[in-house]
Structure formats: C-alpha cells, structure tokens
Amino acid sequence: MQTNHHKERLYKILVIGDLGVGKTSIIKRYVHHNFSPNYRATIGVDFALKVLNWDQETVRLQLWDIAGQERFGNMTRVYYREAMGAFIVFDVTRPASFEAVTKWKEDLDSKLTLTNGKHVATVLLANKCDQGRDVLTNNGIKMEQFCQENGFVGWYETSAKENINIDEAANCLVKHIIASEKDMLQSEVSDTITPQLEKDKGGTCSSCFRSQ
Amino acid sequence: MKCRRVWGWGNSPDTLSYLESASLMSGTLESLSGLGEDGSSVGSDSEINGLTIRRTDKYGFLGGSQYSEGGEKDIRVEVARQREIKWIDMFNNWDKWVKHRFQKVKLRCRKGIPSSLRAKAWQLLSNSQELLEANRGKFEELEREQGEAKWLDIIEKDLHRQFPFHEMFAARGGHGQQDLYRILKAYTIYRPDEGYCQAQAPVAAVLLMHMPAEQAFWCLVQICEKYLPGYYSAGLEAIQLDGEIFFSLLRRTCPMAYRHLKKFKIDPILYMTEWFMCIFSRTLPWSCVLRVWDMFFCEGVKIVFRVGLVLLKQMLGSVDKLRELQGMYETMERLRNISPDTIREDLLVQEVGISSSNMYTSKICFCFDSWTRVMSHLSCCDRSSNLHFLCLPHPPTFFPI
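Residues numbered from 1 in each chain as written. Chains lettered and ligands numbered in written order. Predicted model: local features only at pLDDT ≥ 70, side-chain atom pairs only at ≥ 80, totals over all residues. Heavy atoms only, no water.

- An unreviewed UniProt entry lists chain B under the name Rab-GAP TBC domain-containing protein, with Echeneis naucrates as the source organism.

- Chain A carries the name Ras-related protein Rab in an unreviewed UniProt entry, which gives Echeneis naucrates as its organism.
- In its Function (unreviewed entry) section, UniProt records this for chain A: "The small GTPases Rab are key regulators in vesicle trafficking."
- As recorded by UniProt, the Sequence similarities (unreviewed entry) comment attached to chain A reads in full: "Belongs to the small GTPase superfamily. Rab family." (UniProt positions renumbered as here; feature names shortened; annotations may be inferred.)

**Things to note about the sheet that holds strand E5 (residues 121-127) of chain A**
Residues and elements named next belong to chain A.
So, point 1. In spatial order, the strands read E2-E3-E1-E4-E5-E6; together these 6 strands make up an open sheet with mixed pairing. The sheet is open, and its two edges are formed by strand E2 (45-54) and strand E6 (154-157), each paired on a single side. This sheet shows a mean twist of 25 degrees between the axes of neighbouring strands, independent of strand direction.
So, point 2. Summarising the sheet, strand E1 (residues 8-17) and strand E3 (residues 57-66) pair through 8 bridges and their orientation is parallel. Within the sheet, the bridge partner assigned to Lys12 lies in E3 and is Gln62.
So, point 3. Its contacts with the sheet place helix H6 (residues 166-187) against E1, E2, E3, strand E4 (85-91), E5 and E6, and it is angled at close to 170 degrees to E5. (Pairing = 2+ DSSP bridges. Helix = DSSP H or I, 4+ residues; strand = E, 2+ residues; numbered from the N terminus. Axes fitted to C-alpha atoms, helices over the stretch in contact; angles between N-to-C directions. Contact = heavy atoms within 4.5 Å.)

**Here we look at helix H15 (residues 286-299) of chain B**
All names here are of chain B.
So, point 1. Taking 1.5 Å per residue as the helical rise, H15 with its 14 residues ought to reach 20 Å, and the 20 Å between its terminal C-alpha atoms agrees with that figure.
So, point 2. With 14 of its 14 residues buried, H15 lies for the most part within the structure.
So, point 3. Positive backbone phi, at 90 degrees, marks Gly300, one or two positions downstream of H15. (Expected span 1.5 Å × (residues − 1). Buried < 20%, exposed > 50% of the residue type's maximum accessible area, 1.4 Å probe, protein only.)

**A closer look at the interface of chain A and chain B**
So, point 1. Residue-level contacts link 39 residues of chain A with 48 residues of chain B.
So, point 2. With both sides pooled, the region where chain A packs onto chain B buries about 3800 Å², and carbon together with sulfur makes up 57% of that total.
So, point 3. For the pair chain A and chain B, the number of links is 3 salt bridges.
So, point 4. Two residues, A:Asp46 and B:Arg336, come together in a salt bridge whose shortest N-O distance is 3.2 Å.
So, point 5. Our count for the chain A to chain B interface comes out at 15 residue pairs in polar contact (both at pLDDT 80 or more).
So, point 6. Within the residue set of the side of chain A that touches chain B, elements represented by two or more residues are E2, E3 and helix H2 (76-80) of chain A.
So, point 7. Tallying contributions element by element places E2(A) first for the side of chain A that touches chain B, with 5 residues.
So, point 8. Grouping the amino acids of the side of chain A that touches chain B by side-chain chemistry returns 18 nonpolar, 14 polar and 7 charged. (Buried area = accessible area lost by both parts, 1.4 Å probe. Salt bridge = Lys/Arg side-chain N within 4 Å of Asp/Glu carboxyl O. Polar contact = N/O pair within 3.5 Å; in protein donor to acceptor, adjacent residues only side chain to side chain. Nonpolar A, V, L, I, M, F, W, Y, C, P; charged D, E, K, R; others polar.)

**Structural notes on the UniProt feature "domain: Rab-GAP TBC" (unreviewed entry) in chain B**
So, point 1. Per the UniProt record, the feature "domain: Rab-GAP TBC" (unreviewed entry) sits at residues 112-300 of chain B.
So, point 2. Spanning residues 112-300 of chain B, this segment combines 65% helix with 0% strand, and its end C-alpha atoms are found 15 Å apart.

**Description of the pattern of salt bridges**
So, point 1. Counted according to the given criterion, the structure contains 29 salt bridges over all chains.
So, point 2. In this structure, B:Asp158 and B:Arg161 form a salt bridge, with 2.8 Å as the shortest nitrogen-oxygen distance. The exposure classification of B:Asp158 matches that of B:Arg161, with both residues buried.
So, point 3. Salt bridges sharing partners connect three or more residues here, namely A:Arg40, A:Asp46, B:Glu274, B:Arg282 and B:Arg336.

**Side note on the side chain of B:Gln123**
Residue and element names in this part refer to chain B.
So, point 1. Looking at where Gln123 falls in the secondary structure, it is placed in helix H5 (residues 118-125).
So, point 2. By relative accessible area, Gln123 is classed as buried at 6%.
So, point 3. Leaving out residues up to four positions away in the same chain, Gln123 has contacts with Ser128, Gln129, Met211 and Gln215.

Here is the structure:
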C-alpha cells in the first residue's frame, strides 16, 4: 500500500511515568520547541510526531504521551502495542516518582516484548533538573548501576523548561532502537518462510473503498 | 466575573427578567474592565504560550482551542425570553413536568437550556438539588475531614491543569482552583473506595463554572454515581466496556468509519476515553459542550454514545475524508484534535437528536452479548463485584427513556 521512494523509518515511542513528572512538557519541548506551565493533565493518551534526519534517512517518531495516574495503568496494554522504545520519566524533586520507575519498567516489560523476545530500548529521564538536584541523581555511579540492574539503555538529567538534554536523550533512544531493529533482523532465521494471511482479505471487504 | 452564575434565585423566579439574562454577557465583558490591559488580574498566567490575552469570550475563555471567536449567531431576544419563561414555569412545577410531560422537557433540553437558568436546570435534571437538600451540612462536614494524603497529593498536582485558559482556573491558587480542590477532596472522603480519578477534574471544573462548590459537589456525585457509574473507579473497567460497546454500535451505524478504525488497529480506548470520561468537555467548541451537557443531564449516558458516533461519522464517514487519513497516526490526530470549524452546534445537536430507537435497541442487544462475554472472561473472578456492568450502558434508571 505504501511505496517508499526513499528510506523512511517510523518508530512508536512511549513516554511513561508518574503523573505530574513532566511527560507532556518534555514532548512539547522536543516537538514544538516551547514550554508552558499551563498544559492540561493528560487523560488517557495523547500523541505527537517528531521528524528527524538520521544518516540521510528520515526518522519519524510517534510519541505516545500516556496518562500517569495509576488507574489508567489498566489500559496500558493497548497503549504499549507495537512500541519500539520508551522513556520513563521521574521528577527529581519528588523521590516517590523515582520509586515508581521500577514499577513502570516492570509494567512495560511484562506487556511488551520485541519479536526476538527482548525488551524495548528504554531511557530513564530525571526531569525538572532545573529545580535542584536529587541526592540520588548526584551520584552518577549509582544511577549507572540502577540503569544496568533495571535494563535501561541510559539515563539523562533533563529539563523541559530549560531545554536540557532532551534532544540528547532522544538521540540515545533512537540509536538503540535502530540497533535493536538490526538485531531483530539478524536473529530472524533467513530461510524460514512464515505464511501469513493477507490482511485485506477479511470477511468484510475493506479494499472496496481504498483510494486508487 | 461571576455574573454568569445565576443560582439561588429562590422563591421569586418571576424577578428574573430578560434584562438580567442579557446583562450576563455584557457583565462578563464588563468584568474585564477590572483587568489591566496586560491582563494583570489573572496574574502570571495571563501570558499563556507566549500569547498575551486581554479579553475573555462570552464563556470566560481567555484563549486556547476552546475560545469562541463569536462568529456564531445568538438566538433572537424574543426567543430567548420566551424560553426563559417556559423554563421558569417548568421549575415551578418541576415534579409534574418530569412525571407527566417528560418528552417536552427532553425537547426543551435539546433546544438548549437558557444560559441564565442552566445551573438550576442541571441540578433539577440530575436530582442533585434534592440530594443536597436531603444532606444539608454534609458537604461542610466532608470539608472538615482531613482526607487521604495519596489523593490530596494527586488532586493538588491537577488543579492548575484544568481549563488553564478559562478565567476561573487560570490563576494559580485562585478561587476556581480552590473550589476545585474542595469538591474533589470532598468526593474522596465521600467515596473513599473510589478516591480520585483525573478525569473527574474537568467535569468538576465545568460544574464550577456554573454553580457554587456545594451544588457542584452534589452534581458531581450524581454524575459519578448515577450517570456514569464505574467510569472513574479504580479499575476503569466500565469505560473500557463502554468502549467495546461503542465500537460495536459504530459497526452498525457507520460501517465505513468502523472498518477504517479496525484497519489501522485503533482501539476505541485510544480516542473515546477522554471523550466519554470528560463528557466531551475537552473536545468540542464550548457552545457545543453546553448543548451536549444539557441533553446529557436530561437523557443520560446514551447522549455520550450518540455524540461520539456523530463525531466519528462526521470525521470518518466518507471516502473523501478517509483519503486524507492514510495511517493510524493521521487518523488519531484527526480524532484527538477536532477542528472547531468542522463542528456546527446546530448540526451536531440535530444529528444527536435524531431519534435512533433502532440504535438503542441494538445497543441493548449488544449489551447482552457483551455481558455474556464479560462474564465468561471473568469466570475466575468474583462476579458479584462486577454486577454493575449490567446496567451500565443504559440510561440511569430514574430517567424515562
């Protein structure tokens, strides 16, 4: 259906973490290059698209901004589907939001795996770093250790307000996503044919109204 | 600023004249004369997203996507006055009207409740006034209690994130945000088993735009318990089930939209969660929000379903429209940011109002299908705790259909 004239990659990226840690602000900063203290609380899920040039290719990042309140966690399975990477965000001024990071990571890993069985690349963001540093994030070695133990590919101190490290964090994530994609291709056994039904040939004829 | 709030006009309804209602609009504007050219009375929030805003629209919005440009036509003065008189007459004999002439009440709600009488009408339609009278002092009592820290913490984080472009809620720690805190907190004490759900805040804020905290509280109670039971509860099962029901109704009412959403694997909870849980208050142009709420208070949850179906039909219901939406993201973008130009208040209300008895019948049929499915899924769970599912998609029982 889609003919690619030049190479283009599309990745779905999740942005998760406790409520009020700044997920929406990070996305707005990254995509729209601005910051406002007046964003509405996210209810359910929101979306944004970021287009990047990456080694002469176009990379489209579909950012999924997911409501942070615990009870919306019941819907995360639907939100997570087919994602290739994730940011887990906490607020450096609120230790409880850091404690929730492992809970979010577990939720993510339990509901989402790549076709090769591995977990999706995840970057940890210590947001609101302009508002003073948490004791924990002061200790880089401890944070590195935390990331290794919990399967994060990296971590960044960020500030959506002051535009600190957001591009860097995103680049890190994209790099790991591309690497994991290559890894997935290699791990596929090349001489196996997987028969699949054509999607469009369902009981109802959805191709009838396809545009010419 | 509070001019639009007409409540407690008590025993002498006849004193409410057209003039008073006409002054509502000018009152809103006049109140802005107290607002400096730089919008200083709304504090630092007057500069929102780099825009300096000086004037509110007639609903109190300073800007944002729900700001009304004022292009819409107002109804004629004589018509407005006639409607007010009719409503006041209904108020005076409310029980009789609801009991014997409900179809007429319904029709009048569909035509739109006069803005001067809206608060009173919503309270009567929802029975929240009765609830308040039966529970005099209860709200104060709830307010005196401390509340659970885990809820208060979340509520506080949400206070400045509700209608940040509305004059009532723009100022940090302003009256709007204070009242919002009061009623959301009171609800967590009133229903400790339910606590606080983020989607309750916009609903509570809309109520506060029309009535004082105590009235708004009881109105919120009715919405959470009678109109949309289970929508805000911990597991959010009710909204997910209604999502499935909604999708099934779409298959019958607009197969083209249904097939499109199915093709791109767009699960109903991706777009309808906010629509339904916030009763479209964050989705539609403000004049439409009010009209939808007028019908909702009268007819119940089926209005929410119908509005959703009409929106999907309008956005995804033709080959032309779908041609632009050749992907999941494009489609989601369209559904998440409904352009105010595509929604016409009168058309929306008309479409929603088209009596869809067939639809309703099919809905009931579907309810039984889905109920059976849910029950089989829940076979290992405690069924009794999920019994409320059965009555969910129906209008609240106290509403004549």
